[in-house]
Amino acid sequence: MTDAAFLQCIQPSCSATFALDAPIYQCPTCGALLDVSYNWSRIAVPSRLADFEKRWASRHNTMDYSGVWRFRELLPFATDADLVTIGEGQTILQSADAAAMGLSLKRGNLHLQYEGMNPSGSFKDNGMTAAFTMARKLGKQRVGCASTGNTSASLAMYASLTRLSNGQPMRGVVFVGAGKIAFGKLSQALDYGALTLQIDGDFDACMARVREAADRIGLYLMNSINPFRLEGQKTIMYRVLEALRWEVPDWIVVPGGNLGNTSAFGKAWIELKQLGLVSRIPRLAVVNAAGANTLNELVNRRGVRWNGGNWDCDAVCNHYDEMTKQRRKASTIATAIEIARPVNLSKALRALDAMNGVVCEVTDDEILEEKALVGRHGFGCEPASAASVAGLRQLLANGTIDRDATVVCILTGHALKDPDATVKYHTGIDTKGVSVSPSASKPTGRNANLPIRVPDNIDEICKAIESAR
Ligand SMILES: *Cc1c(COP(=O)(O)O)cnc(C)c1O
Ligand SMILES: [Zn+2]
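Quick caveat: nothing in here was measured; it's all calculated off a predicted structure.

Trainee: Give me the lowdown on the sheet that holds strand 7 (residues 171–177), citing residues and values where you can.
Mentor: The strand order across the open sheet built from 4 strands is 8-7-6-9, with neighbouring strands paired in parallel fashion. Bordering the open sheet on either side are strand 8 (195–199) and strand 9 (220–221), each of which pairs with just one other strand.

Trainee: Quick one: what's the story with the domain arrangement of the chain, residue by residue and with numbers?
Mentor: Taken domain by domain, the chain holds domain 1 (1–43) and domain 2 (92–120 + 230–419). Each of domain 1 and domain 2 has a C-alpha centre, and these two points are 26 Å apart. The largest contributions to the domain 1 side of the interface with domain 2 come from Ile 10, Leu 33 and Trp 40, which together make up 51% of the buried area. Our enumeration of links across domain 1 and domain 2 arrives at 1 salt bridge. Ionic pairing is found between Arg 350 and Asp 35, a salt bridge with its closest N-O pair at 2.7 Å.

Trainee: How would you explain the packing of aromatic side chains if you had to name every residue and give the values?
Mentor: Taken as a whole and assessed by the stated rule, the structure comprises 8 aromatic pairs. Ring centres 6.1 Å apart and planes at 45° place the aromatic pair Tyr 25 and Tyr 220 in the tilted group. One end of the pair, Tyr 25, is in the loop between strand 2 (17–18) and strand 3 (34–38); the other, Tyr 220, is in strand 9, with 195 residues separating them in the sequence. As far as burial versus exposure is concerned, Tyr 25 and Tyr 220 are alike and both buried. Put simply, the rings of Phe 52, Phe 71 and Tyr 238 touch in pairs and so form one group of aromatic residues. Between Arg 341 and the ring centre of Tyr 320, over which it is positioned, the NZ or CZ distance is 4.9 Å.

Trainee: Lay out the packing of helix 11 (residues 294–301) against helix 13 (residues 345–354) in plain terms, naming residues and giving numbers.
Mentor: Their axes nearest at 12 Å, the elements helix 11 and helix 13 cross at an angle of 50°. The pairing of helix 11 with helix 13 is recorded here as oblique in orientation. When you trace helix 11 past helix 13, the crossing you get is right-handed. Contact residues: helix 11 offers Leu 295, Leu 298 and Val 299, while helix 13 offers Leu 345, Leu 349 and Leu 352.

Trainee: Summarise the site of ligand 1; cite the residues concerned and give the values.
Mentor: In the vicinity of ligand 1 there are 15 residues, among which Lys 124, Asn 150, Gly 257, Asn 261 and Thr 412 approach most closely. Here Asn 150 contributes a side-chain N or O atom positioned 2.7 Å from an oxygen atom of ligand 1. The backbone of Gly 260 places a nitrogen or oxygen atom 3.0 Å from an oxygen atom of ligand 1. When ligand 1 is considered free in solution it has 380 Å² of accessible area, and contact with the protein chains removes 97% of it. In this structure the site holding ligand 1 corresponds to the largest cavity.

Trainee: Explain empty space enclosed by the protein to me, using residue names and the numbers behind them.
Mentor: Throughout the structure, instances matching the rule amount to 3 cavities of 30 Å³ or more. In this structure, the largest cavity encloses a volume near 290 Å³. Residue lining of the largest cavity: 27 residues in total, with Phe 123, Lys 124, Gly 257, Asn 258 and Ala 336 positioned closest to the centre. Breaking the lining of the largest cavity down by element, the ones donating at least two residues are helix 5 (150–161), helix 8 (227–233), helix 10 (260–274) and helix 15 (383–397).

Trainee: Break down the coordination of the zinc ion (ligand 2) for me, with residues and values.
Mentor: Taken together, Cys 9 (SG), Cys 14 (SG), Cys 27 (SG) and Cys 30 (SG) make up the protein donors of the zinc ion (ligand 2), found 2.3 Å from the metal. Taken together, the 4 donor atoms coordinating the zinc ion (ligand 2) and their angles of 95 to 118° define a geometry best described as tetrahedral. Sequence positions of the donors to the zinc ion (ligand 2) reduce to the motif C-x4-C-x12-C-x2-C. Of this pair, Cys 9 sits in strand 1 (residues 5–9) while Cys 27 sits in the loop between strand 2 and strand 3, placing them 18 residues apart in sequence. Of the residues examined, Cys 9 reaches a relative accessible area of 3% and is grouped as buried.

Trainee: Tell me what's going on with the sheet that holds strand 12 (residues 358–362), and back it up with residues and numbers.
Mentor: Here 6 strands make up an open sheet; going across it, the order is 4-5-13-10-11-12 and the pairing mixed. Two strands close off the open sheet at either side, each with one partner strand: strand 4 (92–95) and strand 12. For this sheet, the mean angle separating the axes of adjacent strands, direction not counted, is 25°. Two elements, strand 4 and strand 5 (residues 110–114), share 4 bridges in a ladder whose sense is antiparallel. Residue pairing in the sheet places Leu 93 in a bridge with Gln 113 of strand 5. Across the sheet, helix 11 is in contact with strand 11 (283–289) and strand 12; its angle to strand 12 comes to roughly 130°.

Criteria and thresholds
- Just so you know, the residues in each chain are numbered from 1, in the order the chain's sequence is written.
- Here the convention is simple: chains get letters from A, ligands get numbers from 1, in the order in which they are written.
- Per-residue local features of the predicted model are confined to residues with pLDDT of at least 70, and side-chain atom pairs are confined, for both listing and counting, to 80 or more; whole-chain, interface and lining totals are unaffected and use all residues.
- Remark: hydrogens and water are excluded; side-chain values derive from all non-hydrogen atoms of the structure.
- Strands pair, by our definition, only if DSSP identifies at least two bridges between them.
- Each helix corresponds to a stretch of at least 4 residues labelled H or I by DSSP, and each strand to a stretch of at least 2 residues labelled E; elements are numbered beginning at the N terminus.
- Boundaries between domains were set according to an automatic or database domain assignment.
- Computed with a 1.4 Å rolling probe, the buried area is the accessible surface lost when two parts are put together, summed over both parts.
- Take a side-chain nitrogen of Lys or Arg and a carboxyl oxygen of Asp or Glu: if they are within 4 Å of each other, that pair is a salt bridge.
- Stacked, tilted and edge-to-face are the three classes applied to pairs of Phe, Tyr and Trp rings, where Trp contributes its six-membered ring and a pair requires centres within 6.5 Å; stacked means planes under 30 degrees apart, edge-to-face means over 60, and tilted covers the rest.
- Under the scheme applied here, a residue whose accessible area is under 20% of the maximum for its type counts as buried, over 50% as exposed, and between as partly exposed, the area being computed with a 1.4 Å probe on protein chains only.
- Counted as over-ring charges are cases with an Arg CZ or a Lys NZ within 6 Å of the ring centre that also lie within 35 degrees of the ring normal.
- Axis geometry follows a simple rule: fit a line to the C-alpha atoms, using only the stretch in contact for helices, then measure angles between N-to-C directions, giving values from 0 to 180 degrees.
- Note on angle classes: values under 35 degrees are labelled roughly parallel, values over 145 roughly antiparallel, values of 65 to 115 roughly perpendicular, and the remainder oblique.
- Should the near helix be turned anticlockwise from the far one by less than a right angle, the crossing is left-handed, and should it be turned clockwise, the crossing is right-handed.
- Every residue pair with non-hydrogen atoms within 4.5 Å of one another is taken to be in contact.
- Here a residue is near a molecule or strand as soon as one of its heavy atoms is found within 4 Å of it.
- Any N or O atom pair separated by 3.5 Å or less is treated as a polar contact, with the protein-specific requirement of one donor-capable and one acceptor-capable atom, and with residues adjacent in sequence counted only for side-chain atom pairs.
- For the area figures, the Shrake-Rupley method with a 1.4 Å probe applies, and any residue is considered shielded solely by the protein chains shown.
- With a 1 Å grid laid over protein atoms only, a set of points is called a cavity when a 1.4 Å probe fits there but cannot get out and a pocket when it is open yet has protein on both sides within 12 Å along at least five of seven lines; lining residues have an atom within 4 Å of a point.
- Molecule-in-pocket calls rest on the fraction of atoms, with more than half required to lie within 2 Å of the cavity or pocket grid points.
- Grid points are joined across faces, edges and corners, and a volume is the space filled by probe spheres set on the points.
- Note on donors: an N, O or S atom is included if it sits within 2.8 Å of the metal, or within 3.2 Å for Na, K and Ca, and water is never included, so sites can look incomplete.
- A four-donor site is called tetrahedral if each angle lies between 85 and 135 degrees; a four-donor site is square planar, and a six-donor site octahedral, when trans pairs exceed 155 degrees and the remaining angles lie between 65 and 115; all other cases are labelled irregular.

Given below as structure tokens:
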């Protein structure tokens, strides 16, 4: 392939290449997933990472303002005129000393990357800007996704703001599991005007159906099986590096759902190393929820590894067959990672291989405790995001991660996405269930901050304030 950018089968023994605009999401020859690949010799990549920072000086330019397209030479599949951008990627890397103390990590060594600062409140916007750029280039009038919530919120936002070059609007179609989605996220899909299909099933069912709809009626798929999504998500790593003054951290810790981030992060570091822009690659920790632990099960209990592309398909199929037989479905409070059949499994195995990665799983209670820690000492996050911090605590305790390591936890979504989970943690009240009075409820969390019921009386109010610890 002589094009500067092209699609390529990730299976090393196949490596078939296709034009960028081929209407495929998997290799037609062998069925493996596809990468967007580049002939780097034909691309003028800045020779030093610090050169990207100069773009801060021209932030009136939309492309330099975007936290994704500031790095456009590292995802060079579109021309400047093609870009669909709404200023995504204005995120913050917090040096989280108070939270570090809570984890007995050294001061200055814990960093929290707040991807919830994106326009629709989650990291998904990094991927959507890239996928919409491609959808628009291809002239797609209908784009769709299956979603646990944030993908649909992001897709709906971009669809409402994108016009085709002929002025036609784009139609966003989202498939969500009925009752499986946090209200903050559902409200966004509705508000932004997406056609919202509530399917009687879970995420895995939605994913299967949207792929069928893509085949049948040409709906353009915006899930992370779309390789352009992952190109945008690579930039999370570039922004982390930039915020660390281009010093490579020791560990990146990320929650694992459909494993798009895991895959994108692996590709980002492989390419940075290949381009000579970094001298080493950080290690990766992927954290599953115990109720949706496919990657942990496959890697740690069934020994599945990338193995040069010859990963053990039978072990994976056996696991999926057992789940089907036992009618086991994903179930966790962290709905954004409530996924049992991650579509990017093979790319994630490749990322674990390239980044000397590890996988672990954490319980819902552990997730909620660390979510409260991030809320108490940071800007808060949604449950799935806190899985990264819960995973970090476990990996510190069992010695996998050193106490003087520099660690970046990726906080994938905004605290306000799922206020029900937060209120329930602090009050014991299930806001989705029957309302009970605060005095009747018993929060059990270590960091619970129970509201105090006080009569409308200034003496009582002052007494309550002064007697509070
Ligand atoms: C989508 C999502 C995830 C899962 O990310 P994957 O790339 O699918 O593994 C985690 N957290 C939040 C908040 C999400 O929206
Ligand atoms: Zn192939």
